[in-house]
Amino acid sequence: PLAVATTLFCRQEVRHEGEEPEHEWACSRTAAKENWDTILAETPIIALIVRLNLHVPVFFLVIWAACVLTTVFVRTNVVIFMYVLVGYVACSLLRHVDTPSMPMTRVFGLVMHSAVPLTFVRRLCMFVAEVWGDDGFLPPWLLKPITWVA
């Protein structure tokens, strides 16, 4: 953050006094205005977003997209590396000796159709229990099953 602020508000000046050049930072409103105009000239999409006053909604949209993508990637990794392996072992243990082993792609399909909805229901129950359960807004008969699932 400090590097971003200094590059936006300051300008580095080089003075050649003596043999070695001296580097000094000069921070001012004029330097900030020149740097900002340079940024807007180099990236027209940022200039359009700022000109249309969409910078705050775009900021929130980017944060939301990052959170959604992170959640999807983390949950998918858990499903792939844990649930698929457990499902494959369960299918191997429950099969008859004479039947061939089930292919990993079929186990993956079964896990994706069964574990992903349950994972999201569990997350929803945890959310409801944390938001309304701690404050006493949920009746006890509803809070018991939600906390049991979560």
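Here we summarise the structure given alongside this text. (Residues numbered from 1 in each chain as written. Predicted model: local features only at pLDDT ≥ 70, side-chain atom pairs only at ≥ 80, totals over all residues. Heavy atoms only, no water.)

**Examining the packing of aromatic side chains**
Moving on, step 1. By the definition in use, this model includes 2 aromatic pairs.
Moving on, step 2. Judged by centre distance (5.7 Å) and plane angle (55 degrees), the ring pair of F59 and F60 falls under tilted.
Moving on, step 3. A residue is classified by how much of its surface remains accessible, and F60, at 53% relative accessible area, is exposed.
Moving on, step 4. Ring geometry for F127 versus W132: centroids 6.3 Å apart, planes at 75 degrees, classification edge-to-face.
Moving on, step 5. The class of W132 is partly exposed, set by a relative accessible area of 39%. (Phe/Tyr/Trp six-rings, centres within 6.5 Å; stacked < 30°, edge-to-face > 60°. Buried < 20%, exposed > 50% of the residue type's maximum accessible area, 1.4 Å probe, protein only.)

**Here we look at a nonpolar patch on the surface**
Moving on, step 1. On the surface, a nonpolar cluster with roughly 590 Å² of combined accessible area is contributed by W36, I39, I45, I46, L48, L52 and L54.
Moving on, step 2. For the nonpolar patch, the secondary-structure elements that each account for two or more residues are α2 (29-42) and α3 (44-51).
Moving on, step 3. With 3 residues, α3 is the largest single contributor of residues to the nonpolar patch. (Patch = residues over 30% accessible without salt bridge, like charges linked within 9 Å, V, L, I, M, F, W, Y side chains within 5 Å. Areas by Shrake-Rupley, 256 points an atom, 1.4 Å probe, with all protein chains shown as cover. Salt bridge = Lys/Arg side-chain N within 4 Å of Asp/Glu carboxyl O. Helix = DSSP H or I, 4+ residues; strand = E, 2+ residues; numbered from the N terminus.)

**A few points about helix α4 (residues 55-94)**
Moving on, step 1. In a regular helix each residue adds 1.5 Å, so 40 residues correspond to 58 Å; α4 covers 56 Å between its end C-alpha atoms and thus fits that length.
Moving on, step 2. In α4, a bend of some 30 degrees at Y83 exceeds every other bend along the element.
Moving on, step 3. Residues of α4 that are buried include every one of V79, V84 and G87, and no others.
Moving on, step 4. Along its buried surface, α4 packs onto α5 (104-133). (Expected span 1.5 Å × (residues − 1). Bend = angle between axes of the 7 residues up to and from the residue. Contact = heavy atoms within 4.5 Å.)

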